[in-house]
Amino acid sequence: MSVEARPHGGIGESIKRKEDGRFLRGRGNYLDDIVLPGMLHMAIVRSPHAHARILGVDTAEASAMPGVVAVVTGELMALHKLAWMPTLSGDTQAVLATDKVRFQGQEVAAVVATSKYAAEDAAALVQVDYEVLPPITGPQQAKADGAPLIRDDKEGQTDNHIYHWESGDQAATEAAFARADKVVRLSTHYPRSHPSPLETCGILADVNSATGKATLYMTSQAPHAIRTVFALVAGLPEQNIRVISPDIGGGFGNKVPVYPGYVVATAASLLIGRPVKWVEDRTENLISTGFARDFHMTGELALTNDGQMLALRVSLDSDNGAFFADAQPSKFKAGLFHIVTGSYDLPAAHVSADGWYTNKAPGGVAYRCSFRVTEASYLIERLVTNAAIELGIDQAEIRLKNFVPKDAFPYHSATGWIYDSGDYEGAMNVALEQVGYAELKREQAEKRARGEFMGIGIASFTEVVGAGPGKDFDILGLRMFDSAELRVHPTGKAILKLGVKSQGQGHETTFAQIVAEELGIPAYDVAVEEGDTDNTPYGLGTYASRSTPTAGAATAVISRKLRDKARKLAAHLLEAAEEDLVWERGRFFVRGTPERAKTIQDVAFAAYTNLPDGMEPGLEGVHYYDPPNMTYPFGTYAVVVDVDRGTGVIKVRRVVAVDDCGVRINPMIVEAQIHGGLTEGWGIAFIEQITFDEDGNCIGSNFMDYLLPTAWETPKFETFATVTPSPHHPLGAKGVGESATVGSPAAYVNAVIDALAPLGVRNLDMPVTSDKVWAALRSAGVTE
Amino acid sequence: MNVTITINGEERGGDVEPRVLLVDFIRTNLAMTGTHIGCDTSSCGACTVLLDGEPVKSCTQLAVQVDGRSITTVEGLANGAELDPIQVGFHEEHGLQCGFCTPGMMLVCRALLDTNPEPTEEEIRWAISGNICRCTGYMNIVKAVQHAAKLRAGAAAEVAS
């Protein structure tokens, strides 16, 4: 980390991360590290039942405990009109339950005390009297005649149905199915999983009773949007709310929503007049905060006998839990699932989705995914491989035959998307070459002849990331743009302030590199600040791979605007005409006489010391970027597995990942994002699942029951790139943080299905555990 | 109860309830926040510290259990401005993203290299298998340990010559 010989750090350079130093020294500043004078600690009392009526809450014993300052109940919150709050999907959610509890782990009361231990002790003494009601643990139960009504709090709600949503052309789709030679059908459950960032969620609420200013330190991926939501929920004047997201220990979508604990801690600080900290423990995180997926999907693909795709038809039931709290753009009830035609030139498609209340935790966050794109990509990629198996066509060949061709972009999909750019064949060809596909196919044939089970899985995903444009994508009406404010100091150093918020993605490096490229100030001379709503421009935050498509674009645009002003200043300093100046990264020189030059640092100094008459001083500016379209990253993943015929144990032998996210700003960071996504994708495919028993008890409530990949079982990855720039992004970049979580589960599962295809196996629901494989082998008579 | 420990070479003490976890003692009583809490079940390793040189999960030790013993936390890895080779390795090989698992990871890796200066990839993966990282997919952590091993070997060769 020497300061000597630092690289410039422009676009395409794998410079080392600027933010590493504090983390390496244990000097990161995460939420739970913050301590304020007089700070109190909060613990939440949660429901042990999935569905029960609350008959009474007795706080006497808890209140009498040493160190306890207050016990907050739903009744108290109701007095302040805060017992319920709006969700990001336009529903309501109980902050502290007053009438019923609707999932196990639901917030019922909270204890505020002088220490974490005292708060936990007292929380255990709050007595809640319940009348247990029958629980609903899935959509089939939710839609059954006579099913218990979960949301009896909602006027006019007579069943457990939340929404019906459709996309595409049903008539055209039916017509195509009527003339198909072959229809391939797949019903599968994309199981409930949990993002589980290593740092749990939390808040430190500090409401100053003298000034009325509420400073809310939160683990939030979207601090500005949260500030506005708080203003609307709590009725606080927005200028009196300051949200500060400090260093965040991973997010993966889990830290987008507003959770009840945030509201209770803020109310407690307001009422008590002291700072109140609440940090979840791991069980609270797993059982009550934003889960992901839980889609029961049936997809049908209509084809000709030679493998030409004619149409796609999908119906699905979404298990949304007790409150419809999906964090997603308001206009799309099933997120962006209708990207489900994926990489294929499908003439017709129709999607029908229904959401259901169940007695499970609410959330529906996108676990490292752009709003349900993961479910969509999984379904189409599984269907395509199954179609190849059914038709006896190679799974690479059927994809190559049906890809949206390179010259068809911008491509209008059957469900209304306009894909910006792509070269699907190019990525596929790199993957096939790198994995050694032809040789693998030969090896597989030999092994099959010997009765061994080897599989090759392919998935060629297309994502849709980087929301907005704001006219189509909003959250509670807030348009999904993002922002960058760039201030160049007199000495030629700069600070860049963004509306997004890193949770480990390396923004302090990547966004400084954009300034380094566009304004010529070395990346290590550009500080990047995020997360403090009083000191950064408004933006919608970091999730759904949107930071580079939105804030990255904003950074490029504002850098170019400042460069335009810098040109005027340079012309003044060089006594030359603006049009005679040539820009070379970091300096302007007079055309034909390169020695007559001024560096960007010279110009920055002049902006404060030596201006032409009438020019506004300073070299600063802000830009709010509303993207004209989404970006559509893509790629092909190829996975090779060996399945043990006796035990069903799956060994992932190879993972070849070819990603095309357009122009890569820092290839080292991009590649590491892909590593992380391939690992989380492996976890989802093989081990991760939040399960419930028939009483609605969550039995994935800790890291011994909810399994995450460790270094021991995580495969090694071979990563490759193709580069197809986005035509509408100022830098040609697309988002990348989630590509591998979106694309890889289908590749892993396709490999297992391919291995077992000779036995007639066409589906195993994720997580594809060895016992499921063993059961399939056993029922085929392969093993006993 | 009174507890006295040597932490990063400095003797520190405090009066704690017998039930107080070592991780809470370090974070709250000693105000050293580099040691993190990621789960409650000894599963994730974010709270890993070295106890007399051996990695332990400080959420599964009581403060009173380590009375009189010596602890190294992430704050004790660097020698002033000079980073430990394992810290250099994590930086150079991009072995960290959000940084939350990083202190525990680095301490486990440092303990590995102290006992096994040239570990194989398999030995590294086994050594860190009690520590969860949600960001990196572990490949760059493996490279970071290999990088540190080379730096340590280079430094040792320099001393020997």
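Predicted model only: the values in this text are computed from it and were never measured.

A. Inspection of the interface of chain B and chain A at higher detail. Contact residues are listed per partner, giving 39 residues for chain B and 42 residues for chain A. Going through the elements one at a time, helix H2 (85-92), helix H3 (102-115), helix H4 (121-127) and helix H5 (139-160) of chain B are the ones with two or more residues in the side of chain B that touches chain A. Counting residues per element, the side of chain B that touches chain A draws most heavily on H2 of chain B, at four residues. A class-by-class count of the residues in the side of chain B that touches chain A yields 18 nonpolar, 16 polar and five charged.

B. Structural context of the sheet that holds strand S15 (residues 292-303) of chain A. Residue and element names in this part refer to chain A. Sheet architecture is open: five strands sit in the order S9-S17-S16-S15-S10, paired in mixed fashion. Sheet topology places strand S9 (161-168) and strand S10 (182-193) at the edges, where each strand pairs with a single neighbour. Pairwise comparison of adjacent strand axes, ignoring direction, gives a mean angle of 10° for this sheet. Pairing geometry for S15 and strand S16 (residues 309-319), over nine bridges, is antiparallel.

C. Molecular detail of the packing of helix H11 (residues 395-402) of chain A against helix H12 (residues 424-435) of chain A. All names here are of chain A. At a closest axis distance of 10 Å, the pairing of H11 and H12 adopts a crossing angle of 165°. When the interaxial angle is binned, H11 and H12 end up roughly antiparallel. Two packed elements cross with a definite hand, and for H11 against H12 that hand is left-handed. Across the interface between the two elements, Ala-396, Arg-399 and Leu-400 from H11 touch Glu-425, Met-428 and Leu-432 from H12.

D. Examining the pairing of strand S27 (residues 587-590) of chain A more closely. Residues and elements named next belong to chain A. Bridge count for strand S26 (residues 581-584) against S27 is four bridges, and the pairing is antiparallel. Looking at S27, one finds that Val-582 is bridged to Phe-589. Counted along the chain from S26 to the antiparallel partner S27, the turn is two residues long, and its residue Gly-586 has a positive phi close to 105°. Taken together, the four bridges between S27 and strand S28 (residues 593-599) define a ladder with antiparallel strand orientation. Opposite Val-590, over in S28, you have Thr-593 as the bridge partner. Remark: two residues form the turn of the hairpin made by S27 and S28, two consecutive strands paired antiparallel; Gly-592 in that turn has positive phi of roughly 90°.

E. Main features of the pairing of strand S4 (residues 54-57) of chain B. All names here are of chain B. Strand direction decides the pairing type here: strand S3 (residues 48-51) and S4, joined by four bridges, are antiparallel. When the bridges of S4 are listed, Val-49 appears paired with Val-56. The loop that links S3 with its antiparallel partner S4 comprises two residues; one of these, Asp-52, has a positive phi angle of about 50°.

F. Here's a closer look at the environment of Gly-90 of chain A. All names here are of chain A. In this structure, Gly-90 sits in the loop between strand S4 (84-86) and strand S5 (92-94). Residue Gly-90 is classed as partly exposed on the basis of its 14 C-beta neighbours within 10 Å. In the structure, Gly-90 is positioned 240 residues away from Ser-330 in sequence and 7.7 Å away in space, judged by C-alpha atoms.

G. Representation of the domain arrangement of chain A in the model. Residues and elements named next belong to chain A. For chain A, the domain assignment lists domain 1 (34-133 + 195-288), domain 2 (420-464 + 632-784) and domain 3 (482-625). A straight line from the C-alpha centre of domain 1 to that of domain 3 covers 41 Å. Only helix H7 (223-234) and strand S13 (241-244) provide two or more residues apiece to the side of domain 1 that touches domain 3. Per-element accounting of the side of domain 1 that touches domain 3 gives the leading share, four residues, to H7.

H. How the structure looks around the nonpolar core. Residues and elements named next belong to chain A. Judged by nonpolar contacts, the single largest core of 306 residues is most densely connected at Met-42, Leu-96, Ala-110, Val-111 and Val-752. Considering every element that reaches this core, the biggest residue donor is helix H15 (residues 547-574), with 12 residues. With residues near it in sequence (within four places) discarded, Val-752 still touches Gly-455, Val-641, Val-643, Ile-650, Leu-764, Val-768 and Val-773.

I. Spatial organisation of the environment of Gly-321 of chain A. Residues and elements named next belong to chain A. Of note, Gly-321 is situated in the loop between S16 and strand S17 (348-356). Judged by C-beta crowding, with 28 C-beta atoms within 10 Å, Gly-321 ranks as buried. Remark: the alpha-carbon pair of Gly-321 and Asp-771, spanning 450 residues in sequence, is separated by 28 Å. Apart from residues lying up to four places away in sequence, Gly-321 is in contact with Phe-103, Thr-358, Lys-360, Ala-361, Pro-362 and Gly-363.

J. A look at the domain arrangement of chain B. All names here are of chain B. Segmentation of chain B into domains returns domain 1 (2-76) and domain 2 (85-160). Each of domain 1 and domain 2 was reduced to a C-alpha centroid, and the two centroids are 22 Å apart. Between domain 1 and domain 2, the residue contacts involve 16 residues of the former and 12 residues of the latter. Here the side of domain 1 that touches domain 2 gets three residues from one element, more than from any other, and that element is S3. A per-class count over the side of domain 1 that touches domain 2 returns seven nonpolar, eight polar and one charged.

K. Just the packing of H3 of chain B against H5 of chain B, in detail. Residues and elements named next belong to chain B. As a packed pair, H3 and H5 sit with axes 11 Å apart at the nearest point and diverge in direction by 45°. It follows that H3 is oblique to H5 by the angle criterion. For the element pair H3 and H5, the recorded crossing hand is right-handed. Seen from H3, the contacting residues are Met-105, Cys-109 and Leu-113; seen from H5, they are Ile-141, Val-145, Ala-148, Ala-149 and Arg-152. A class-by-class count of the residues in the contact of H3 with H5 yields seven nonpolar, no polar and one charged.

About the criteria used
- Starting from 1, residues in each chain are numbered consecutively following that chain's sequence as written.
- Going through the entries in the order they are written, you letter the chains from A and number the ligands from 1.
- Thresholds applied to this predicted model are a pLDDT of at least 70 for local features of residues and 80 or more for the giving and counting of side-chain atom pairs; totals over whole chains, interfaces and linings are not thresholded and use all residues.
- This entry defines residue contacts through backbone-placed C-beta atoms, with two residues in contact when those atoms are within 7 Å.
- Secondary structure elements follow DSSP: runs of H or I no shorter than four residues count as helices, runs of E no shorter than two count as strands, and numbering proceeds from the N terminus.
- The classification used treats Ala, Val, Leu, Ile, Met, Phe, Trp, Tyr, Cys and Pro as nonpolar, Asp, Glu, Lys and Arg as charged, and all other residues, Gly among them, as polar.
- What makes two strands pair is DSSP finding at least two bridges between them.
- Here the axes come from fitting lines to C-alpha atoms, over the contacting stretch only for helices, and the angles between their N-to-C directions go from 0 to 180 degrees.
- In what follows, roughly perpendicular refers to angles from 65 to 115 degrees, roughly parallel to angles under 35, roughly antiparallel to angles over 145, and oblique to any angle outside these ranges.
- Each helix crossing is assigned a hand: it is left-handed if the near helix lies turned anticlockwise from the far helix by less than a right angle, otherwise right-handed if that turn is clockwise.
- In this scheme the burial state of a residue depends on its C-beta neighbours within 10 Å: 20 or more other such atoms mean buried, 12 or fewer mean exposed, and anything in between means partly exposed; the C-beta positions come from the backbone.
- Segmentation of the chain into domains, including their bounds, is taken from an automatic or database domain assignment.
- The term nonpolar core refers to a group of buried residues, namely Ala, Val, Leu, Ile, Met, Phe, Trp, Tyr and Cys, whose C-beta atoms join them within 7 Å.

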